[in-house]
Amino acid sequence: MLVGRANEREPNNVYSVCLAISITYFRGLATNLMKCLIADSVLITESSSHEGGALMGLGPKHKKRVWYTAAIGGIAGITGLTTLGVMTGMTPASSPSQSKDRQAAAAKTLARPAMDGGAKKDGGAKKDAVEIGCDADELIQAIIDANDGGGTIKLAADCTYNLTRYKLDDEFNEPVGLPEIEDQITIKGHNSTIQRDASADPFRIFDVDTGGHLTLKNVAVKYGDARNVGLITSEGGGGLLVEDGGKATLENTKFAFNRTDSFGGAIANYGITKFVGSGEHGKDAVSSSDTWADSGGKDGTGKSSGDIHDNSADDSGGAIYNDGYLDVKKARIAYNNAEFGGAIYNITVAKLTKTEVDHNFAHFEGGAIYTDEIAKLKESYVHDNTSGDSIGGGIYNFDQLYLEKTNLTRNFAEFDGGGVYNDGEAAQFAANESKINQNTSREDGGGIFNFEGQVGLTNSEVNNNKAVGPNSNGGGIYNFGDGFVRLSDTQVNENLSTNEPGGVRNAIGEVELAGDSEIIKNRPTNCGPAEIEGCFG
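From a predicted model like this one, the values you see are computed outputs, not experimental measurements.

Visitor: Before we go on, may I ask you to explain the overall build of the protein in this structure?
Guide: Tallying secondary structure elements over the protein gives 2 helices and 53 strands in all. Long-range pairs, those at least 24 residues apart, make up 79% of the contacts in the protein between residues at least 6 apart in sequence. As presented, the protein carries roughly 19300 Å² of accessible surface, and 47% of it is formed by carbon and sulfur atoms.

Visitor: What am I meant to see in the state of the cysteines here?
Guide: Cysteine pairs can be covalently joined through their sulfur atoms, and such a bond is termed a disulfide. Under the definition given, this model contains 2 disulfides. Between the sulfur of C134 and that of C159 lies a disulfide, 1.9 Å long from S to S. In this structure, the disulfide formed by C134 and C159 twists by about 85° around the S-S bond and is classed as right-handed. With C134 in the loop between β6 (130-131) and α2 (136-146) and C159 in the loop between β7 (151-154) and β8 (160-163), this pair connects stretches of sequence that are 25 residues apart. Exposure remark for C159: the relative accessible area of 2% places this residue in the buried category. Covalent S-S linkage joins C527 and C535, the inter-sulfur distance amounting to 1.8 Å. A torsion of 95° about the S-S bond marks the disulfide between C527 and C535 as right-handed. The same class applies to C527 and to C535, which are both buried. If you count the bonded cysteines of the protein from the N-terminus, they pair up as 1-2, 3-4.

Visitor: Would you mind showing me how to read α2 here?
Guide: One turn of an α-helix holds 3.6 residues; hence residues three or four places apart share an orientation. Where α2 is concerned, the buried positions are A136, L139, I140, A142, I143 and A146. Along the long axis of α2, the arc covered by the buried residues comes to 165°, so they all point the same way. On its buried side, α2 packs onto β7, β8 and β11 (184-196). Among the residues of α2, the N-terminal cap falls to D135, whose side-chain oxygen and the backbone nitrogen of D137 are separated by 2.7 Å.

Visitor: How should the pattern of salt bridges be read in this particular structure?
Guide: A side chain of one charge can pair with a side chain of the opposite charge when the charged atoms of the two come close. Applying the stated criterion across every chain yields a total of 14 salt bridges. For the salt bridge of D225 with R196, the shortest nitrogen-to-oxygen distance reads 4.0 Å. Here D225 is found in strand β14 (residues 225-226), whereas its partner R196 is found in strand β11, with 29 residues between them in sequence. Each member of the pair, D225 together with R196, is buried. Through salt bridges that share partners, D169, E174 and R204 make up one connected network.

Visitor: I keep staring at the environment of I520 and nothing clicks. Help me out?
Guide: As for its position among the elements, I520 is in strand β52 (residues 518-520). Overall, the relative accessible area of 31% leaves I520 in the partly exposed class. Considering only alpha carbons, one finds I520 and N495, 25 residues apart in sequence, at a separation of 8.8 Å.

Visitor: Quick question: what am I supposed to make of unusual backbone geometry here?
Guide: Glycine aside, a negative phi is what most residues show, and trans is what most peptide bonds show. That bond from R523 to P524 is cis: its omega, 5°, falls within 30 degrees of zero. Considering the arrangement of structural elements, one finds P524 in the loop between β52 and β53 (527-529). Of note, the amide linkage connecting G528 to P529 takes the cis form, showing an omega dihedral of -10°. With respect to the helices and strands, P529 occurs in strand β53. Phi angles above zero are rare outside glycine, and H359 is one such case at about 55°. Summarising the element assignment, H359 is placed in the loop between β29 (356-358) and β30 (361-362).

Visitor: What is the right way to look at the pairing of strand β46 (residues 477-480) in this model?
Guide: Each regular strand carries side chains that alternate between the two faces of the sheet. By the bridge criterion, 4 bridges tie strand β43 (residues 448-451) to β46 in an arrangement that is parallel. Looking at the pairing, I448 lines up with I477 of β46. Looking at chain direction, β46 and strand β50 (residues 504-506) are connected through 3 bridges and run parallel. Of the residues in β50, the one forming a bridge with Y478 is R505.

Visitor: Help me understand the packing of aromatic side chains, please; the structure alone is not making it clear to me.
Guide: The relation between two aromatic rings is expressed through the spacing of the ring centres and the mutual angle of the planes. Per the counting criterion, the structure on display carries 15 aromatic pairs. Note on Y345 and Y370: the rings are 4.4 Å apart at their centroids and 15° apart in plane angle, and the pair reads as stacked. On the criterion of sequence distance, the pair formed by Y345 in strand β27 (residues 344-346) and Y370 in strand β31 (residues 369-371) is long-range, its members being 25 residues apart. Just as Y345 is buried, Y370 falls in that class too. Residue Y370 is classed as buried on the basis of its relative accessible area of 11%.

Visitor: I would appreciate a short explanation of the nonpolar core in the present structure.
Guide: For soluble globular proteins, the rule of thumb is that nonpolar side chains tend to be buried together. I194, F206, L240, F255 and F429 are the most contacted members of the largest nonpolar core, which has 74 residues in total. Sorting elements by how many residues they give to this core places α2 first, with 6 residues. In this structure F429 touches N397, L401, L403, V420, N422, I436, I448, Q454, V455, G456 and L457, once residues within four positions along its chain are discounted.

Visitor: Can you walk me through the confidence of the model for the protein in this structure?
Guide: Do not read the fine detail of predicted coordinates wherever pLDDT is low. For the protein, per-residue confidence averages 79 on the pLDDT scale, and residues scoring 70 or more make up 71% of the total. Contacts for the low-pLDDT stretch residues 1-124, under 50 throughout, to residues beyond four places or in other chains number 321 contacts. Here residues 286-304 scores under 50 on pLDDT; set against residues more than four positions off or in separate chains, the count is 54 contacts.

Visitor: Got a minute to help me understand the sheet that holds β46 in this structure?
Guide: Within a sheet, each strand pairs with its neighbour through backbone hydrogen bonds, oriented either parallel or antiparallel. The strand order β12-β15-β19-β23-β27-β31-β35-β39-β43-β46-β50-β53 describes an open sheet built from 12 strands, whose pairing is parallel. One side of each edge strand has no neighbouring strand; the edge strands of this open sheet are β12 (206-208) and β53. Ignoring which end each strand starts from, the neighbouring axes of this sheet average 10° apart. Note that strand β15 (residues 240-242) and strand β19 (residues 267-269) share 3 bridges and pair parallel. In the sheet register, V242 faces β19, and the bridge partner there is N269.

The rules behind the values
Throughout, residues of each chain are indexed from 1 in the direction in which the sequence is written. Two thresholds apply to this predicted model, a pLDDT of at least 70 for residue-level local features and 80 or more for giving and counting side-chain atom pairs, whereas whole-chain, interface and lining totals are computed over all residues. Just so you know, side-chain values use all the structure's heavy atoms and leave hydrogens and water out. Only DSSP runs of H or I reaching four residues or more are called helices, and only runs of E reaching two or more are called strands; each is numbered from the N terminus. What makes two residues a contact is simply this: any of their non-hydrogen atoms within 4.5 Å. Only the protein chains shown count as cover for residues, with accessible areas throughout obtained via the Shrake-Rupley method and a probe of 1.4 Å. Pairs of cysteine sulfur atoms within 2.5 Å are what we label disulfides. Residue burial is assigned from relative accessible area. The probe radius is 1.4 Å, only protein chains are included, and a residue is buried under 20% of its type maximum, exposed over 50%, and partly exposed in between. Here the arc refers to the directions that run from the helix axis out to each C-beta atom. For this analysis, a polar contact is any N or O atom pair within 3.5 Å, provided that within protein one partner can donate a hydrogen and the other can accept it, and provided that sequence-adjacent residues contribute only side-chain to side-chain pairs. Any carboxyl oxygen of Asp or Glu within 4 Å of a side-chain nitrogen of Lys or Arg constitutes a salt bridge here. At least two bridges found by DSSP between two strands is the condition for calling them paired. Paired rings are identified among Phe, Tyr and Trp, the last through its six-membered ring, by centres lying within 6.5 Å, and are further divided according to the angle between planes into stacked (under 30 degrees), edge-to-face (over 60) and tilted (the rest). For the purposes of this section, nonpolar cores are sets of buried Ala, Val, Leu, Ile, Met, Phe, Trp, Tyr and Cys residues that join through side-chain atoms within 4.5 Å. Per-residue confidence from the prediction method is given by pLDDT, with values spanning 0 to 100. To get an axis, fit a line to the C-alpha atoms, keeping to the stretch in contact for a helix; angles then go from 0 to 180 degrees between the N-to-C directions.

Rendered as structure tokens:
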């Protein structure tokens, strides 16, 4: 077992999140990686490589530090990345070096069950749910009351709570329309909406403080505006800010038309956020291009089933900025925009399951998703996203990306990597039973562009992609420099590029074919300029 510590910083989050990843690693290295997040602290484990396989090349992050604990196993006996499983758990954590305020928040949070929906901190019975009328002032007072011991607030059915004024939050001195969530509070709606009034000054809707846990059910959150006037940008999260040590559980909830001048048009997460919808948004779901049939329509009205749409960020994460732990299930994230990561910008750990990510736009990297740490998509559907002036029309990966039974379709990049751009020697991209089809780049790598990273595809497809610029090649896969690509029982068929090869472009890197893999029917040719064993023409 190798345990390392670097870039010391005082940890101040009251929760740790651990991610265990088991990998049959590239080029014969069996690796088990345990990653523990302590939300405002990273400690990086450095490890030597074994049998030609470097352990998860990791670099310092600009916002957080991360615990890495790595166990190096024996040689796997096979070449290539074949399996990668993710399991997660949440455990309380604290540190003697925490400030008194943080320790107090930790004590308050840990005194009650983490996810039980509202047990009192002193161990007594739950408070009775409070039903309120269709009045924003009643909602504000109910939250104030619930911050003393927790509680459940039931909103009026079919009501819109218009927020017209704000208070500056205690941590960042930024305007927020509702009292900060400091305890365990559940807000239940029934076709209910909480929104900033059109005539009001800019402010975000919700702020979950350290030690707070907000649960929203069947509520739409709209028109939050986290912008600061002057030279200082906000912490982000036009609809919701989850601070270090805070938690949010969002069930059948909608975030629409929120904005920020910084990070996370709808949600900025620095703690733990779980978003659960009820729609069918997996890899085989049929989606309309401009409606939300499961959630009440594009205008954000009606019963929500878990949608985040039409939000914007001037910087990163049009829908969600994640610098904590993010878990999204059965949701749709659509029509959001940002400079980087049109839908999601992830720099820690993000999991998406049975989720549809479509019609998002990034001016630069990551039309749908920009990930600079660990991202896993399972049974999900990423389609019709655009990188307008850069790379990675579907997903831009700078660290570790895993797709399982996930489809990337009809994404577009103005430059390289219409489907996926895998960027740098530390970048690792693995896909199992997934399809990267019908994506387009204006330059190289219509399906996948691998910039000196490592790619492993198993039982997958890279078909009918296009690289259509005047100098483009590698319609299916473009393997740049010393990059490594392994295809196991994978098809790279019927891709197209302006110049040869149309299938897989490789010069000095390494491309391996295993099992029943095939590279055929690509135009103008299948492979080149270097020979790839098992590929003809």
